[in-house]
Amino acid sequence: MKVDILASGSKGNCIALTSQDQTILIDAGIAKTKIEKRLLDVGVRPDHIKSIFITHAHGDHIKGLPLANKYRIPVWASEGEWKGISGVYDDLCQVIETRFGVYEPVQLGRISVYPFGVHHDAYEPVGYAIEPDEGDRVSVVFDTGKVDKSMLALMEGSIYIIEANHDPDMVEVSDYPISTQSRILSDLGHLSNQQTAAALQKLIQGRGERIFLTHLSSKNNMPALAEMTVKAALKQRGFIEGTHYHLEVVSE
């Protein structure tokens, strides 16, 4: 599966995933015109987008949803997150259904999308595992304060697009109010470099997996620090970047 990270960070998040002739977006957190331009830059026509999947309804994940109205693109989100989304034409709004407390997969032609619950201060935030008929599985975890066993089970064996939001020491000496610091560091906040590294220690098997570190804080993290933390954790398992796995830090 082709991965194009169109935007990542506190200013907006948007990922294009393409399998053969099908492209979906995970989040649309930058202006519609920017999404259009960046899609064209990576060879994808905006009017060819099959669906948009929203992780949660914070502004840096939904700012560009007017794109859906312009091109008549279905938008999928959990029932809870639709409480925070407005302006999408009614006939384009798709609710991710649950059965016995488990999210039902969404089938889009040759692509299956498996939503799963995450831990963030939103209504009903989710991550996604995306599985094409052919090609690599992809898992996307943006805003979450922790990674639990059920999340790990759904992420396993994929290309990993995961947030490495902050360094805890940088948060604690930042100019953020104590309440904001506490929110970021809580189980309903964001993943630290160390938490992301610990999750990847459990997931990576040294089979050449691809990792994208995303959603880095511009104030409380540095790309080199996030990269170093993850590499050090995986080295403890005997894995070397470029040999056993491939790592990319996305900081814009």
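Basis of the calculations
- Residues numbered from 1 in each chain as written.
- Predicted model: local features only at pLDDT ≥ 70, side-chain atom pairs only at ≥ 80, totals over all residues.
- Heavy atoms only, no water.
- Helix = DSSP H or I, 4+ residues; strand = E, 2+ residues; numbered from the N terminus.
- Rg over C-alpha atoms; globule rule 2.2 N^0.38 Å.
- Buried < 20%, exposed > 50% of the residue type's maximum accessible area, 1.4 Å probe, protein only.
- Contact = heavy atoms within 4.5 Å.
- Areas by Shrake-Rupley, 256 points an atom, 1.4 Å probe, with all protein chains shown as cover.
- Lys, Arg positive; Asp, Glu negative; His and termini not counted.
- Charge placed at Lys NZ, Arg CZ, Asp CG, Glu CD.
- Patch = residues over 30% accessible without salt bridge, like charges linked within 9 Å, V, L, I, M, F, W, Y side chains within 5 Å.
- Salt bridge = Lys/Arg side-chain N within 4 Å of Asp/Glu carboxyl O.
- Pairing = 2+ DSSP bridges.
- Axes fitted to C-alpha atoms, helices over the stretch in contact; angles between N-to-C directions.

## Brief notes about the overall build of the chain
Counting its regular elements, the chain contains eight helices and 15 strands. Taken against the 2.2 N^0.38 rule, which gives 18 Å for 252 residues, the C-alpha radius of gyration of the chain at 17 Å falls within 12% of a compact globule. The dimensions of the chain, computed from C-alpha atoms along their principal axes, are 50 × 45 × 40 Å. Counting only residues that meet the buried cut, the chain has 52% of its 252 residues in that class. For the chain, contacts bridging at least 24 residues in sequence account for 59% of all contacts bridging at least 6. Only carbon and sulfur atoms are counted for the fraction: they give 50% of the accessible area of the chain, which is about 11,400 Å². Placing the 25 positive and 33 negative side-chain charges of the chain at their respective mean positions leaves the two points 3 Å apart.

## Description of a positive patch on the surface
A cluster of basic residues, Lys11, Lys34, Arg38 and Lys63, forms a positive patch on the protein surface. Among the structural elements, lysine 11 can be located in the loop between β1 (2-7) and β2 (14-19).

## Here's the deal with the environment of lysine 32
Mapped onto the fold, lysine 32 is located in helix α1 (residues 32-41). The exposure class assigned to lysine 32 is partly exposed, which follows from its relative accessible area of 24%. Expressed as a C-alpha distance, the spacing of lysine 32 and isoleucine 62, which sit 30 residues apart in the sequence, is 10.0 Å. With residues up to four places along the chain from it excluded, the contact list for lysine 32 reads Gly64, Pro66, Leu67 and Lys70.

## With respect to the sheet that holds strand β10 (residues 111-117)
One open sheet accounts for seven strands, arranged β9-β10-β11-β12-β13-β14-β15; its pairing is mixed. Where the open sheet ends on each side, the last strands, each with one partner, are β9 (106-108) and β15 (245-249). Averaged over all pairs of adjacent strands, the angle between strand axes in this sheet comes to 15°, irrespective of strand direction. Bridge analysis of β10 against strand β11 (residues 126-132) gives seven bridges, and the strand direction is antiparallel. Paired with valine 113 across the bridge in β11 is isoleucine 130. Packed on one face of the sheet, helix α7 (residues 193-203) meets β13 (159-163) and β14 (209-214) and runs near 165° to β13. Sheet strands touched by helix α8 (residues 223-235): β14 and β15. Its angle to β15, the strand with the most contacts, is close to 160°.

## Things to note about unusual backbone geometry
Not every positive phi belongs to a glycine, and glutamine 20 is a case in point at roughly 55°. Looking at where glutamine 20 falls in the secondary structure, it is placed in the loop between β2 and β3 (22-26). By relative accessible area, glutamine 20 is classed as partly exposed at 47%. A positive phi is found at arginine 72, a non-glycine position, where the angle reads about 60°. For arginine 72, the position within the fold is in the loop between α3 (66-71) and β5 (75-78). Taking the relative accessible area as the measure of exposure, arginine 72 reaches 44% and is therefore partly exposed.

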